[in-house]
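Coordinates in review
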Amino acid sequence: MPNIPWELSYLVYLLAAVLFIFCLKMLCHPRTAVRGNLTGAVGMLLAILATLPLALKEGTGKPIGSTLGILLAGLIIGGGIGATLALRVRMTAMPQMVALLNGFGGGASVLVAGAELLQRNLKALATPWDVALATVLSGVIGAVTFFGSLVAFAKLEEYRWFRKPIRYPAQQPINALLGLIVVGLGVASFMNPTNGWLYLGLVAVCSILGLTLVNPIGGADMPVVIAVLNSYSGLAAAATGFVIDNAVLIISGALVGASGVILSQLMCQAMNRSLINVIFGVFTAEEDQAKADEIYAGRVKSTTAEEVAMLLDSARRVVFVPGYGMAVAQAQHAVSQLAALLESRGVEVEFAIHPVAGRMPGHMNVLLAEAEVPYEKLKEMDEINPTFSQTDVAVVIGANDVVNPLARTDPNSPIAGMPILDVDKARTVVVIKRSLSPGFAGIPNPLFAADNTLMYFADGKKAILDIVQAMKEGA
Amino acid sequence: MGSVSWDMLLWAAVESQPVQEAARTPLVVNLAIFVLACFVGYEVITKIPPLLHTPLMSGSNAISGITLVGSLVAAGSGFTAIFSADAAISLLGFLAVVFATINVVGGFLVTDRMLGMFKRKE
């Protein structure tokens, strides 16, 4: 290996960091987003190339198979797995994919900090206090991110055991106890930075904490959880940067941490809840059956595909309101088809997207884009709300809490003050839903019993296809 | 150095005089870089439309795979005997490279796929 001065590598790192900043900047605008992502990838490639001479210098004199061999094997295996995952994942499975990738980033931080600790022991290097502290932080944040992400992945993938939070007594005290143990082990590990067993113990306890922290958090709060884990994966990388004394990790980690914080804030605002409330204030979702009966009794009108088809046929403006139910029913293509049919008959069609509809930030946008709905048709809450009063038919498909008028009217409701889509102001509301069961917040929805609401009880995809069929026959 | 055993390594039994490193960036310098980069990150992301929430998340997530840089150094450190402390470090480094590469490659590719769908159909 030619002896490349380390300063050259660090200059390339600096260039990579600048490219990452451009990447984030360009990812914020639809026109530049694709190029932005490429810019980031180029930055990463440069950083990898600049690292190779440094990595191989470390292994000078060792068998090449144990240096370059290991390194390439890791890159090829990891690259293969990453590419397979990315190219095969269904768009409906995007939330779990993002959760999983977050986790791997966190896991890598734990491993790098651990390897550095062993390396220091081997070389008998003195460990300054700041390196010790950064090692502890890498282990803590990385392990919580890794195992928290795995739980989030399992929940989103709806593995049997994870469909409902696993319940056990004294959840919060147990978390508090685990937290105390983490602090204790963290301090011990900080004071004895060369003791690998302490680091191992710390990582083990943080892994359990990652599991127990994310376990009770339910479906509708997932967008916040994923954004927070995203932020953590950045912070873990930054902490590792302090451990191995590398500025490119510190800069990139800080950038990612900040973008995660921004997304978390946006998601929390959209639910009118604080971050602390989302993470620790688990919704006590107990359905008040008596209250539900009182609201729904005798007022719910059910409808059929033919009736909805007639309504839509005579409408001038139709707004679709998708929610997580649309993703579950895989109904996005059917909805897109219906929208296209309506437009071909001169109906104005738009989509109302609530910021926390779905299971990750921007979930509905991704799904509808996959179904080839042009993104100009997707309207944000503030933009579309004033137009509901001029809307003939609002079709709510698989959304519940985000269209619940109780958020405006009942100050005691768990969702009080949450900004909602004002679909009830449309002339007619068609709600496609399998039953009257409550949404994530566990409260009844007076919208379903409103005078201008028609309930269409069916699977989302089948319902929409039946409506399309009925419209074609009626024409 | 390959003679140091696993156990000794984890217990830090190597208690001969610790060696001072040649050059390490002072903490305050790294801290300054960190704080400034936080502000840059916060300011550079302005008015992100909901359409791009997911791609921003998966793209920035791929950037957090920069840990790969540290992973490569650990993985490339090399060893002479299979059951040695060196090999343990290589193993950790190897796993770290795999994890970080999944993060990087998966993150950028999936973001590109998603953004490809947002393109306007002509």
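Everything quoted here is computed from the prediction, not taken from an experiment.

The next thing to look at is the sheet that holds strand β3 (residues 378–380) of chain A. Residue and element names in this part refer to chain A. An order of β3-β2-β1-β4-β5-β6 is seen for the 6 strands of this open sheet, with the pairing classed as parallel. Of all strands in the sheet, those with a lone pairing partner are β3 and β6 (453–457), marking the two edges. Adjacent strand axes in the sheet meet at a mean angle of 25 degrees when their direction is disregarded. Here strand β4 (residues 393–397) runs beside strand β5 (residues 428–433); their pairing, made up of 5 bridges, is parallel. Its bridge partner being in β5, Ile397 is matched across the sheet by Ile432. The sheet strands contacting helix α15 (residues 363–370) are β1 (317–322), β2 (348–353) and β3, and the helix crosses β2 at an angle near 145 degrees. Here helix α18 (residues 460–474) sits on the sheet in contact with β4, β5 and β6, set at roughly 130 degrees to β5.

As a further point, take the confidence of the model for chain B. All names here are of chain B. With 79% of its residues at a pLDDT of 70 or more, chain B has an overall mean of 84. At the low end of the mean pLDDT range in chain B sits helix α1 (residues 6–11), at 65; at the high end sits helix α2 (residues 27–44), at 94. The complex model carries a pTM of 0.86, and its ipTM stands at 0.87.

On to the side chain of Asp130 of chain A. Its location among the elements puts Asp130 of chain A in helix α5 (residues 129–156). One buried charge, Asp130 of chain A, has no salt-bridge partner; the nearest side chain with opposite charge is Arg24 of chain B, at 4.5 Å. Sequence-distant contacts of Asp130 of chain A, that is, excluding residues within four places in its chain, are made with Arg24 and Leu27 of chain B.

Moving on, we get to the packing of helix α1 (residues 6–27) of chain A against helix α2 (residues 33–58) of chain A. Residue and element names in this part refer to chain A. Here α1 crosses α2 at 165 degrees, and the two axes come no closer than 8 Å. Relative to α2, the element α1 lies roughly antiparallel. For the pair α1 and α2, the crossing hand works out as left-handed.

As for its position among the elements, Ser189 of chain A is in helix α6 (residues 171–191). Taking relative accessible area as the criterion, Ser189 of chain A reaches 4% and is therefore assigned buried.

Residues and elements named next belong to chain A. Taking 1.5 Å per residue, 15 residues should reach 21 Å; α18 reaches 21 Å between its end C-alpha atoms and fits that length. For α18, the complete set of buried residues consists of Gly460, Ala463, Ile464, Ile467, Val468, Ala470 and Met471. Buried residues of α18, seen end-on, are gathered within an arc of 165 degrees and therefore sit on one face of the element. The exposed residues of α18 that point more than 90 degrees off its buried face are Lys462 and Glu473. Along its buried surface, α18 packs onto α12 (305–313), α14 (332–344), β4, β5 and β6.

Moving on to unusual backbone geometry. All names here are of chain A. Notably, Ala124 is not glycine yet its phi reads approximately 55 degrees, a positive angle. With respect to the helices and strands, Ala124 occurs in the loop between α4 (94–123) and α5. By relative accessible area, which is 10% here, Ala124 ends up buried. At Glu372, a residue that is not glycine, the phi angle is positive and equals roughly 65 degrees. Note on placement: Glu372 falls in the loop between α15 and β3. Residue class for Glu372 comes out exposed when judged on its relative accessible area of 52%.

Moving on, we come to the nonpolar core. With 94 residues, the main nonpolar core has Met94 of chain A together with Ile45, Ile66 and Leu68 of chain B as its most contacted residues. Top contributing element to this core by residue count: helix α5 (residues 85–118) of chain B, with 14 residues. Once residues within four sequence positions are removed from consideration, Ile45 of chain B is found in contact with Leu24, Cys28, Ser259 and Ile262 of chain A together with Leu56 of chain B. Counting 40 residues, the second-largest nonpolar core is a separate cluster that includes Ala334, Val335, Met364 and Val395 of chain A.

As a further point, take the interface of chain B and chain A. On the chain A side, the residues contacting the 97 residues of chain B number 118 residues. Taking both sides of the interface into account, the surface hidden between chain B and chain A amounts to around 9,500 Å²; carbon and sulfur atoms contribute 76%. Across the chain B-chain A interface, the total number found is 19 residue pairs in polar contact (both at pLDDT 80 or more). Taken together, the elements giving at least two residues each to the side of chain B that touches chain A come down to α1, α2, α3 (53–63), α4 (68–75) and α5 of chain B. Considering each element in turn, the side of chain B that touches chain A owes the most residues, 30 residues, to α5 of chain B. Looking at the side of chain B that touches chain A residue by residue, the class counts come to 59 nonpolar, 28 polar and 10 charged.

Reading the values: rules and limits
Residues numbered from 1 in each chain as written. Chains lettered and ligands numbered in written order. Predicted model: local features only at pLDDT ≥ 70, side-chain atom pairs only at ≥ 80, totals over all residues. Heavy atoms only, no water. Pairing = 2+ DSSP bridges. Helix = DSSP H or I, 4+ residues; strand = E, 2+ residues; numbered from the N terminus. Axes fitted to C-alpha atoms, helices over the stretch in contact; angles between N-to-C directions. Contact = heavy atoms within 4.5 Å. pLDDT = per-residue confidence, 0-100. Buried < 20%, exposed > 50% of the residue type's maximum accessible area, 1.4 Å probe, protein only. Lys, Arg positive; Asp, Glu negative; His and termini not counted. Salt bridge = Lys/Arg side-chain N within 4 Å of Asp/Glu carboxyl O. Parallel < 35°, antiparallel > 145°, perpendicular 65-115°, else oblique. Left-handed = near helix turned anticlockwise from the far one by under 90°. Expected span 1.5 Å × (residues − 1). Arc of directions from axis to C-beta. Core = buried A, V, L, I, M, F, W, Y, C linked by side-chain atoms within 4.5 Å. Buried area = accessible area lost by both parts, 1.4 Å probe. Polar contact = N/O pair within 3.5 Å; in protein donor to acceptor, adjacent residues only side chain to side chain. Nonpolar A, V, L, I, M, F, W, Y, C, P; charged D, E, K, R; others polar.

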